[in-house]
Amino acid sequence: MEELFAERIVNVPRSFIREILKVSLDPEIISFAGSLPNREFFPVTEIQVASNRVFDRCGRDMLQYSIDRHLPADISWTRPEGGMFLWGRLPGDLNAMKLFDLAVREKVVFVPGDPFYTTRTGVATMRLNFSCTDAETIERGIIRLRRALKT
């Protein structure tokens, strides 16, 4: 079966993804680890009307990202131009795998950067999905992530 995968994926710990999926089954967990958006959240007609209104009023300014108001300013973030994920880099020597364990206690999960590397561990990066839940739940999840960071 291994010949089906790229060489770089061979050393990725298989149990970590299973662990994320296992803890994500808890209905109290807010998961930023998912990969597919929930199609039920797509009010297509309303989005089209609202988007046209905002483009007419704001043009390119509406495409700018705002500052993440709940997390420390020393976490750097990618600025996605699409897709479903953004990446964060934790400050200093913080370890995203250790943060993951603390985050689970706060009932929120994300994907630490470790599984994406073949030769590095203890990295300070994390991937968050922003397309699988609504804005209010994202805000609650980020507040929970902040509590884990403070721990």
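Notes on the structure in this doc start here. The structure presented is a predicted model; accordingly, all values stated were derived computationally and were not measured. Each residue is numbered by its place in its chain's sequence as written, counting from 1. Confidence filtering applies because this is a predicted model: local features only for residues at pLDDT of at least 70, side-chain atom pairs given and counted only at 80 or more, and all residues used for totals across whole chains, interfaces and linings. Derived side-chain values reflect all non-hydrogen atoms in the structure, with water molecules and hydrogen atoms excluded from consideration.

Attention now moves to helix H3 (residues 96–105). Burial classification: accessible surface area is computed with a 1.4 Å probe over protein chains only, and a residue below 20% of its type maximum counts as buried, one above 50% as exposed, and the rest as partly exposed. Numbering of helices and strands runs from the N terminus, with a helix taken as a DSSP run of H or I at least four residues long and a strand as a DSSP run of E at least two residues long. What H3 keeps buried is the set Ala96, Leu99, Phe100 and Ala103. Looking straight down H3, one finds that the buried residues subtend no more than 110° of arc, so they occupy a single side. For H3, exposure combined with an orientation more than 90 degrees from the buried face picks out Lys98 and Arg105. Regarding the arc, it is the one traced by the directions from the helix axis to the C-beta atoms.

What characterises a pair of aromatic rings is the spacing of the ring centres plus the angle enclosed by the ring planes. Note on aromatic contacts: the rings of Phe and Tyr and the six-membered ring of Trp form a pair at centre separations within 6.5 Å, being stacked when their planes are under 30 degrees apart, edge-to-face when over 60 apart, and tilted otherwise. Scanning the entire structure with this criterion turns up two aromatic pairs. With a centroid separation of 5.1 Å and an interplanar angle of 75°, the aromatic rings of Trp87 and Phe116 are classed as edge-to-face. One end of the pair, Trp87, is in strand S3 (residues 85–89); the other, Phe116, is in the loop between strand S5 (111–112) and strand S6 (125–129), with 29 residues separating them in the sequence. Plain terms: the ring middles of Phe100 and Phe110 are 5.8 Å apart, the flat faces sit at 80° to each other, and that makes the pair edge-to-face. Taken together, the residues span a long stretch of sequence, with Phe100 in helix H3 and Phe110 in the loop between strand S4 (108–109) and S5 at a distance of ten residues. The residues Phe100 and Phe110 share a single accessibility class, namely buried. By definition here, charges over rings are those cases where NZ of Lys or CZ of Arg is within 6 Å of the ring centre and within 35 degrees of the ring normal. The ring of Tyr117 carries the charged tip of Arg120 above its face, separated from the ring centre by 4.7 Å. Just above the ring of Phe85 sits the side chain of Arg127; from NZ or CZ to the centre is 3.7 Å.

As a further point, take the sheet that holds S3. Pairing in this open sheet of four strands is antiparallel, and the strands run S2-S3-S6-S5 from one edge to the other. The sheet is open, and its two edges are formed by strand S2 (76–77) and S5, each paired on a single side. For two strands to pair, DSSP has to find at least two bridges joining them. Across two bridges, the pairing between S5 and S6 is antiparallel. Across the sheet, Pro112 pairs through a bridge with Met126, a residue of S6.

Where S2 lies against S3, two bridges are found, and the strand directions are antiparallel. Paired with Ser76 across the bridge in S3 is Arg89. For S3 and S6, the ladder comprises five bridges, and the chain directions are antiparallel. Across the sheet, the residue bridging to Phe85 is Asn129, located in S6.

Counting buried positions over the five residues of S6 gives five, a clear majority of the element. Burial along S6 is two-sided: the residues Thr125, Arg127 and Asn129 and Met126 and Leu128 are all buried.

For helices, the fitted line uses only the C-alpha atoms of the stretch in contact; every axis is such a line through C-alpha atoms, and the angle between N-to-C directions lies from 0 to 180 degrees. Where H3 contacts helix H4 (residues 135–150), the two axes come as close as 8 Å, and the packing angle between them is 120°. It follows from the interaxial angle that H3 and H4 lie oblique. H4 is crossed by H3, and the crossing has right-handed handedness. Counted together, Leu99, Leu102 and Ala103 of H3 and Leu145, Ala148 and Leu149 of H4 form the full contact between these two elements. Grouping the constituent residues of the contact of H3 with H4 by class yields six nonpolar, no polar and no charged. Comment on the angle field: the value is read as roughly parallel under 35 degrees, roughly antiparallel over 145, roughly perpendicular from 65 to 115, and oblique elsewhere. In this scheme the crossing of two helices becomes right-handed for a clockwise turn of the near helix relative to the far one and left-handed for an anticlockwise turn of less than a right angle. In this description, contact between two residues means that some pair of their heavy atoms is separated by no more than 4.5 Å. When residues are sorted by character, Ala, Val, Leu, Ile, Met, Phe, Trp, Tyr, Cys and Pro go into the nonpolar class, Asp, Glu, Lys and Arg into the charged class, and all the rest, Gly among them, into the polar class.

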